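# Architecture at a glance
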Amino acid sequence: MKELSTKNNLQILHEDNHIIVVNKRVGDIVQGDKTGDKPLSEVVKEYIKDKYNKPGEVFLGVVHRLDRPTTGIVVFARTSKALTRLNEMFSARETQKTYWAIVKNKPEKAAATLVHFLKRNEKNNTSKAHLKEVPDSKLAKLDYKIFKELTNYFALEIDLHTGRHHQIRAQLAAIGCPIKGDLKYGFDRSNPDGGIHLHARKLVFIHPVTKDRIEIIAPTPKNSVWDAV
C-alpha cells in the first residue's frame, strides 16, 4: 500500500487516473454543508490541481461520505466515467466495507449479526434503532465481532450489509455498547478531539475502469486507545 504525505496534510491511500482514496481525519467534512467549513473534497481538488499543474476547474466526484467525527477511508472519483460506475457499485452494495469501533461495554455475544429498523430524526440528526419495523424506518444489518480486549475497552470489527444514516453508531448503542466519545448515542464523555472511535478500516472493490481488485487499508489515528489496538 502506497502512502503519500502532502502539504495539505492529506494521507493518500491510493491514487490513479480515475480514483483517489484518502484517510479522513476527525473533524473533516467530506462535502460542503451548512457550516461553511472547507470540505475534504476541496482539499483533494487543490492537491490534484497543484500536483498535476491543472488549469481551470478540477473534476472530483464524491462517491460516499463518512460522519464528521469518524475517521478512515473515503473514495473520490477523478473522472465522470469512474463516478458513474462507483455510484452504481456503492448503491448496489458491491463493495466490502470493514469498520473498527471501540466500545466500553462488552457486547453480550463475542460475535453476532445485528438487525434493526432505523428511523431517522432530521431535527437532531440521529437515527433510532427499532427491533420491529416502524413507519419510515429502513432495514439495517451488520456483523460484528470482538477482535481485541483492551484494558478498559473492547475493539470490534464490523462488516456492513446496509448503509444507513449513523447505522453503526445507532445499532451498537441499541445493544448497550455506544462508541467511545459518541455523546450523541449515549457514551458518557466526549473525546478530547471531538471525534469518536469509529474508523473505516478496510474497503475492497473492483476498480471502475481497470476492473482490478482494489483493497485499501487505512491506518488508525494516533492516540493511546487506537495505539493499543
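Here, every reference points to the structure presented above.
What counts, and at which threshold
Residues numbered from 1 in each chain as written. Predicted model: local features only at pLDDT ≥ 70, side-chain atom pairs only at ≥ 80, totals over all residues. Heavy atoms only, no water. Pairing = 2+ DSSP bridges. Helix = DSSP H or I, 4+ residues; strand = E, 2+ residues; numbered from the N terminus. Contact = heavy atoms within 4.5 Å. 1 Å grid on protein atoms, 1.4 Å probe; cavity = no way out; pocket = protein on both sides within 12 Å on 5 of 7 lines; lining within 4 Å. Points joined across faces, edges and corners; volume = space filled by probe spheres on them. Nonpolar A, V, L, I, M, F, W, Y, C, P; charged D, E, K, R; others polar. Buried < 20%, exposed > 50% of the residue type's maximum accessible area, 1.4 Å probe, protein only.

### Focus: the pairing of strand β2 (residues 11–15)
Both β2 and strand β3 (residues 19–24) contribute to a ladder of three bridges, which runs antiparallel. Bridge pairing in β3 places E15 opposite I20.

### Quick look at the side chain of S41
If you trace the backbone, S41 turns up in helix α1 (residues 40–51). Discounting chain neighbours no more than four positions away, the residues touching S41 are V30, Q31, L60, V62 and F76.

### Let's talk about empty space enclosed by the protein
Applying the stated criterion across every chain, the model contains two cavities of 30 Å³ or more. Space inside the largest cavity adds up to approximately 60 Å³. The wall of the largest cavity is formed by H64, L66, I73, K97, T98, Y99, A200, R201, K202 and L203. Mapped by element, the contributors of at least two residues to the lining of the largest cavity are β6 (96–103) and β11 (198–206). When residues in the lining of the largest cavity are grouped by element, the largest group, four residues, is from β11. In the lining of the largest cavity, the residues fall into five nonpolar, two polar and three charged. Size it by volume and the second largest cavity reaches roughly 50 Å³. Forming the boundary of the second largest cavity are V26, T71, N191, D193, G195, I196, H197, P221, N223 and W226. When grouped by side-chain class, the residues that make up the lining of the second largest cavity number four nonpolar, five polar and one charged.

### Let's talk about the environment of G195
Locating G195 in the fold gives a position in the loop between α3 (167–174) and β11. By relative accessible area, G195 is classed as buried at 2%. Residues G195 and G32 lie 163 residues apart in sequence; the distance between their C-alpha atoms is 19 Å. When neighbours within four sequence positions are excluded, G195 is seen to be in contact with V26, P69 and G181.

### A look at unusual backbone geometry
Of note, N125 is a non-glycine position whose phi angle comes to about 50°, a positive value. Of note, N125 is situated in the loop between β7 (111–121) and β8 (126–130).

### Quick word on the layout of surface pockets
Estimated volume of the largest pocket: approximately 1200 Å³. Considering the residues around the largest pocket, the lining is formed by 34 residues, among which R65, L66, D67, H165 and H166 are closest to the centre. Put simply, the parts of the chain that give the lining of the largest pocket at least two residues each are α2 (80–91), β6 and α3. With three residues, α3 is the largest single contributor of residues to the lining of the largest pocket.

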